[in-house]
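Letter by letter, the chains look like this.
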Amino acid sequence: MIKVDNPEMTDEQLAFGLEKMKEYGLVAGGDAQTQGIGVMTHERWQQTFAFMVEAGMVPADLDYRQVYTLDFLPDPPVLP
């Protein structure tokens, strides 16, 4: 599918990208290692928010809990 939209992409480039994603755990690392790909947790959102505040991407007084929901997860965690 990538090559259909980007025919300049070579098989070697795709293989390299896939290997790096695996090496750095970009898809299946972190929480996904134990809880599955696509997992979301309150703790991870809190970490993401803290990073974004520090980077100046969002204001510190933003109520980040209003920007996501875990209601659609199979077993939604309880808010800490």
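Counting secondary structure elements, the protein contains four helices and zero strands. The order of α-helices and β-strands along the protein, N terminus first, is α-α-α-α. Dimensions of the protein along its principal axes, counting C-alpha atoms only, are 45 × 30 × 25 Å. Each of the 80 residues in the protein was classed as buried or not, and the buried ones make up 11%. By sequence separation, contacts in the protein at least 24 residues apart represent 27% of the contacts at least 6 residues apart. With an accessible surface of roughly 6800 Å², the protein has 59% of that area assigned to carbon and sulfur atoms. Put simply, the protein has 5 plus and 13 minus side-chain charges, and the middle of one group is 5 Å from the middle of the other.

Next up on the list: helix 4 (residues 42-54). Its 13 residues place the ends of helix 4 18 Å apart at the C-alpha level, agreeing with the 18 Å of an ideal helix rising 1.5 Å per residue. Note on helix 4: the residue one or two positions beyond its end, G56, has a positive phi of about 75 degrees.

Over its 13 residues, helix 2 (residues 11-23) runs 18 Å from end to end, which matches the ideal 18 Å to within 8%, given 1.5 Å per residue. One or two residues past the end of helix 2 sits G25, with phi positive at roughly 65 degrees.

Formed by F49, V58, Y64, Y68 and L70, the largest nonpolar core amounts to five residues. Contacts of Y64, omitting those with residues within four sequence positions, involve W45, Q46 and F49.

For side chains of opposite charge, pairing can occur when their charged atoms come near one another. A full pass over the atoms with the stated rule returns two salt bridges. Between K3 and D11 there is a salt bridge whose closest N-O contact spans 2.6 Å. Judged by its relative accessible area of 35%, K3 falls in the partly exposed class.

This part is about the side chain of T41. Inspection of the secondary structure assignment puts T41 in the loop between helix 3 (31-35) and helix 4. The class of T41 is buried, set by a relative accessible area of 9%. In terms of polar contacts, T41 uses its side chain to reach the backbone amide nitrogen of R44, at 2.9 Å. Once you skip the residues sitting within four places of it in the chain, T41 turns out to touch D31, Q35 and L70.

Basis of the calculations
Residues numbered from 1 in each chain as written. Predicted model: local features only at pLDDT ≥ 70, side-chain atom pairs only at ≥ 80, totals over all residues. Heavy atoms only, no water. Helix = DSSP H or I, 4+ residues; strand = E, 2+ residues; numbered from the N terminus. Buried < 20%, exposed > 50% of the residue type's maximum accessible area, 1.4 Å probe, protein only. Contact = heavy atoms within 4.5 Å. Areas by Shrake-Rupley, 256 points an atom, 1.4 Å probe, with all protein chains shown as cover. Lys, Arg positive; Asp, Glu negative; His and termini not counted. Charge placed at Lys NZ, Arg CZ, Asp CG, Glu CD. Expected span 1.5 Å × (residues − 1). Core = buried A, V, L, I, M, F, W, Y, C linked by side-chain atoms within 4.5 Å. Salt bridge = Lys/Arg side-chain N within 4 Å of Asp/Glu carboxyl O. Polar contact = N/O pair within 3.5 Å; in protein donor to acceptor, adjacent residues only side chain to side chain.

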